[in-house]
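A closer look at the structure
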Amino acid sequence: MWSRKNYRLGFDPWGLGLFLAIMLPNFLWFSVPAPNDILRAESVTPLLDGAGQVFQIVMAAALCVVINITRDRPIKRGLVAGTAACVVLYFAGWTAHYAGITNAAVVLDLCLAPCGAFLIFALVQKNAPALLAATGFATCHLVSTVINFIP
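Here's a quick rundown of the structure. None of these values were measured; they are calculated from a predicted model. (Residues numbered from 1 in each chain as written. Predicted model: local features only at pLDDT ≥ 70, side-chain atom pairs only at ≥ 80, totals over all residues. Heavy atoms only, no water.)

**Some points on a nonpolar patch on the surface**
Defined as follows: The patches described consist of residues with a relative accessible area above 30% and no salt bridge, like charges being joined within 9 Å and nonpolar side chains (Val, Leu, Ile, Met, Phe, Trp, Tyr) within 5 Å. For the area figures, the Shrake-Rupley method with a 1.4 Å probe applies, and any residue is considered shielded solely by the protein chains shown. Salt bridges are defined as contacts in which a side-chain nitrogen from Lys or Arg sits within 4 Å of a carboxyl oxygen from Asp or Glu. We count a stretch as a helix when DSSP gives it H or I for four or more residues in a row; a strand needs E for two or more, and each element gets its number in order from the N terminus.
A surface patch of nonpolar side chains, about 270 Å² in accessible area, is lined by F11, L16 and L20. When you line up the elements, L20 lands in helix 1 (residues 13–31).

Right under this line is the structure:
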């Protein structure tokens, strides 16, 4: 199931679509500050953040170009629904953040929901490289979020 011979390089439009959907609110955030925006505080974990960025780049690349030729079709609906639910929760978190709500639940939603979407999608696609990178990204992102933004 996870053998290297089961993989080929290709293009997965669903992987790219998921990554772009998750990044869309971030592009807005970069250009339009939210009220009471605690997420713009300077990080006290720059090395951890850097490691997370490396994992994120590897994860995005793997989601978009690594194809497991043995993945099942049709994809299990429950897992696809889980990915979609994580994306919806993430957008809800950004909506709350822009409404001025910056409590721990919202901050954790902004951290965990995209990670959940990437992890579930990689699992559905049986994409071990993306799953490993997503796990590294999720770990770095969660630890950094708790240290930097949860009082």
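**Focus on helix 1**
Put simply, the rule is: Given the number of residues in a helix, its expected span is that number minus one, multiplied by 1.5 Å. Two axes enter the definition of the bend at a residue: one is fitted to the seven residues ending there, the other to the seven starting there, and the bend is the angle between them. Accessible area is worked out with a 1.4 Å probe on protein chains only. A residue is then buried under 20% of its type maximum, exposed over 50%, and partly exposed in between. We call two residues in contact when some of their heavy atoms are within 4.5 Å.
Taking 1.5 Å per residue, 19 residues should reach 27 Å; helix 1 reaches 26 Å between its end C-alpha atoms and fits that length. The largest bend in helix 1 is about 30°, located at M23, with the proline P25 one to four residues further on. Every buried residue belonging to helix 1 is among G15, L18, F19, I22, M23, P25, N26 and W29, and all of these are buried. Elements in contact with the buried residues of helix 1: helix 2 (46–65), helix 3 (77–98) and helix 4 (104–124).

**A look at the pattern of salt bridges**
A side chain with one charge may pair with a side chain of the opposite charge, provided their charged atoms come close. Summed over the entire model, instances satisfying the criterion amount to 1 salt bridge. Across the pair R40 and D37 runs a salt bridge whose closest N-O atoms are separated by 3.2 Å. The exposure class of D37 is buried, given its relative accessible area of 15%.

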